[in-house]
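Reading the structure
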Amino acid sequence: MEAVIREVLQKFFPGEEIVSVGPHGSGHINHTFAVETEAGKKYVLQKINTDIFKDVEGLMENVVNVTDYLRGQIAQEGGDPERGTMRALPTVDGKYYYKDVEGGCWRVYLLIDNVISLDQAENEEALYASGLAFGRFQAQLADYPAQTLHETIPDFHNTPKRYQTFEKAVEEDCCQRAASAAGEIAFIRARKVETEILTDLLKAGELPLRLTHNDTKLNNVLLDPETYEAVCIVDFDTIMPGLTAYDFGDAIRFGANTAVEDEPDTSRVSLSLPLYRAYVKGFVEGCGGRLTPKEIETLPVGAKTITLEQGIRFLTDYLQGDTYYQTSREGQNLDRCRTQLALVADMERKWEQMQIEAPH
Ligand code: GN1
Ligand code: MG
């Protein structure tokens, strides 16, 4: 075991005998481990990426306050608050993160056992369940005092801003990679106006700002391995005020894709309409009548916008030398970008069928 991990474990679990520490999950930003003690207790240990999350204090305050609040909501609804949301654990000093001698920041959650996390949808049940869970999540947080939240990443889903950063990266071309992505650059440029649709509607007051999760990937919902029902939503790092369309869209981008996010063969990428519809049903149901007709109408726009935004973000990172997303092979960010753009193209083909009628 690395000395630094030993130091961290001492702060969270003094006196507990640790029997194993191993990699856990498939996140692209933080480093995640599962920890098991001799007494059979299981925890999730995470090294927070502080290049990206600069205000760890604020981040952990969000996590602790929102999970406490959710525990109250879940208990009121008759659910199991201990399995229904994450529980962060304090260090011996009572703080919810520990800064190691090298300046790395760590946190610990209780590990929720007997669940699965899917990097690709296995069936419609999983999409329905995750839609229902994210819809309910939004409903449960409808009265949360949003102004008390720290903005962990400013302009996180500000697609026009993402577009500007992308243009700058193309112009600078610091790694001489732009030529290898000429087709992708042209594809994105041809859709520049579309990056502005949702933010314009927000500015015009036609869409409300809500408390959103902002990273609604299928693998951020822990599911029961037998029933595929949702047990717990994880990854509260980007809970911030945002648009419903983005939360809906990000789940579609990831969960209704017939291929994995970094599939090198884009002919395998497509939008599965049955998976899409299963998510729509769950999400709208979960929101429990809270969505405005305009919000429902713009859900498909959300799916397309965030898929384009994610393509833009992956391509920007590729052009800038792979400094943001963790990669395990060369060209992975370009592959990731290509899957997103292939999915956008397929959404354009299926646009009519993606439309959702608002209930009257
Ligand atoms: C990152 O680390 P992870 O997998 O939870 C990213 C999301 C992207 C996602 C793409 C803070 O999430 O915005 O949608 O990768 N998180 C951050 O898979 O940038
Ligand atoms: Mg995340």
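The shown structure was predicted, so the numbers you read here are calculated from the model rather than taken from an experiment.

Some details on the packing of helix α8 (residues 244-255) against helix α11 (residues 299-319)
The geometry of α8 relative to α11 is characterised by a closest axis approach of 7 Å and an angle of 65° between their N-to-C directions. One element, α8, and the other, α11, form an angle in the roughly perpendicular class. For the crossing formed where α8 meets α11, the hand is right-handed. Together, Thr244, Ala245, Tyr246, Phe248, Gly249, Asp250, Ile252 and Arg253 of α8 and Leu299, Pro300, Gly302, Ala303, Thr305, Ile306, Thr307, Glu309 and Gln310 of α11 make up the contact between the two elements. Residue composition of the contact of α8 with α11, by class: eight nonpolar, six polar and three charged.

Regarding the pairing of strand β6 (residues 105-110)
Counting buried residues in β6 gives five out of six residues, a clear majority hidden from the surface. Bridging between strand β3 (residues 42-48) and β6 involves six bridges; their strand directions are antiparallel. The residue of β6 that forms the bridge with Lys47 is Trp106. Judged from the two bridges that link them, strand β5 (residues 98-99) and β6 form a sheet pairing that is antiparallel. Bridge assignment links Tyr98 to a residue of β6, and that residue is Trp106.

Digging into the site of ligand 1
In the vicinity of ligand 1 there are 16 residues, among which Lys217, Glu261, Gln310, Arg313 and Tyr324 approach most closely. One of the side-chain nitrogen or oxygen atoms of Tyr324 is found 2.4 Å away from an oxygen atom of ligand 1. Within the complex, the protein chains bury 95% of what would otherwise be the 450 Å² of accessible surface of ligand 1. No other element matches the three residues that α11 contributes to the shell around ligand 1. The residue makeup of the shell around ligand 1, split by class, is seven nonpolar, three polar and six charged. For the shell around ligand 1, the domains that each give at least three residues are domain 1 (2-110) and domain 2 (124-354).

What about the coordination of the magnesium ion (ligand 2)?
Protein-derived coordination of the magnesium ion (ligand 2) comes from Asp215 (OD) and Asp235 (OD), at a distance range of 1.9 Å. Here Asp215 is found in the loop between β7 (210-212) and β8 (221-223), whereas its partner Asp235 is found in the loop between β9 (230-233) and β10 (240-242), with 20 residues between them in sequence. Looking at Asp215, the relative accessible area reads 18%, which means it is buried.

Focus: the nonpolar core
Phe236, Phe248, Ile252, Leu271, Tyr276 and Leu315 are the most contacted members of the largest nonpolar core, which totals 91 residues. Two domains share this core, each providing at least three of its residues, namely domain 1 (2-110) and domain 2 (124-354). Apart from the residues lying within four places of it in its own chain, the contact partners of Leu315 are Phe166, Ala181, Glu184, Ile185, Ile188, Leu334 and Cys337. Ranked by size, the runner-up nonpolar core spans 15 residues in total, among them Phe13, Phe33, Leu89 and Tyr98.

Focus on the packing of α8 against helix α9 (residues 273-287)
The description of two helices packed together rests on the angle between their axes and the distance between the axes. One way to put it is that α8 packs onto α9 with a least axis distance of 10 Å and a crossing angle of 145°. Handedness of the α8/α9 crossing: right-handed. Note on element contacts: α9 touches α8 through Leu275, Tyr276, Tyr279, Val280 and Phe283, opposite Thr244, Asp247, Phe248, Ala251, Ile252 and Gly255. Classifying every residue of the contact of α8 with α9 gives eight nonpolar, two polar and one charged.

Considerations on the pattern of salt bridges
Tallied over the entire structure, the rule returns 26 salt bridges. Note that Asp262 is salt-bridged to Arg329, the shortest N-O span being 3.4 Å. With Asp262 in the loop between α8 and α9 and Arg329 in the loop between α11 and α12 (332-349), this residue pair connects regions lying 67 residues apart in the sequence. On the basis of relative accessible area, Asp262 is assigned to the partly exposed category, the value being 22%. Judged by its relative accessible area of 32%, Arg329 falls in the partly exposed class. Residue Lys281 is joined to Glu285 by a salt bridge in which the shortest nitrogen-to-oxygen separation is 3.3 Å. With Lys281 and Glu285 both in helix α9 and four residues apart, the pair spans about one turn of that helix. Salt bridges linked by common partners bring Arg191, Glu194, Lys304 and Glu348 together as one network.

About the thresholds
- Residues numbered from 1 in each chain as written.
- Chains lettered and ligands numbered in written order.
- Predicted model: local features only at pLDDT ≥ 70, side-chain atom pairs only at ≥ 80, totals over all residues.
- Heavy atoms only, no water.
- Axes fitted to C-alpha atoms, helices over the stretch in contact; angles between N-to-C directions.
- Helix = DSSP H or I, 4+ residues; strand = E, 2+ residues; numbered from the N terminus.
- Parallel < 35°, antiparallel > 145°, perpendicular 65-115°, else oblique.
- Left-handed = near helix turned anticlockwise from the far one by under 90°.
- Contact = heavy atoms within 4.5 Å.
- Nonpolar A, V, L, I, M, F, W, Y, C, P; charged D, E, K, R; others polar.
- Buried < 20%, exposed > 50% of the residue type's maximum accessible area, 1.4 Å probe, protein only.
- Pairing = 2+ DSSP bridges.
- Near = heavy atom within 4 Å.
- Polar contact = N/O pair within 3.5 Å; in protein donor to acceptor, adjacent residues only side chain to side chain.
- Areas by Shrake-Rupley, 256 points an atom, 1.4 Å probe, with all protein chains shown as cover.
- Domains from an automatic or database assignment.
- Donors = N, O, S within 2.8 Å, 3.2 Å for Na, K, Ca; no water.
- Core = buried A, V, L, I, M, F, W, Y, C linked by side-chain atoms within 4.5 Å.
- Salt bridge = Lys/Arg side-chain N within 4 Å of Asp/Glu carboxyl O.

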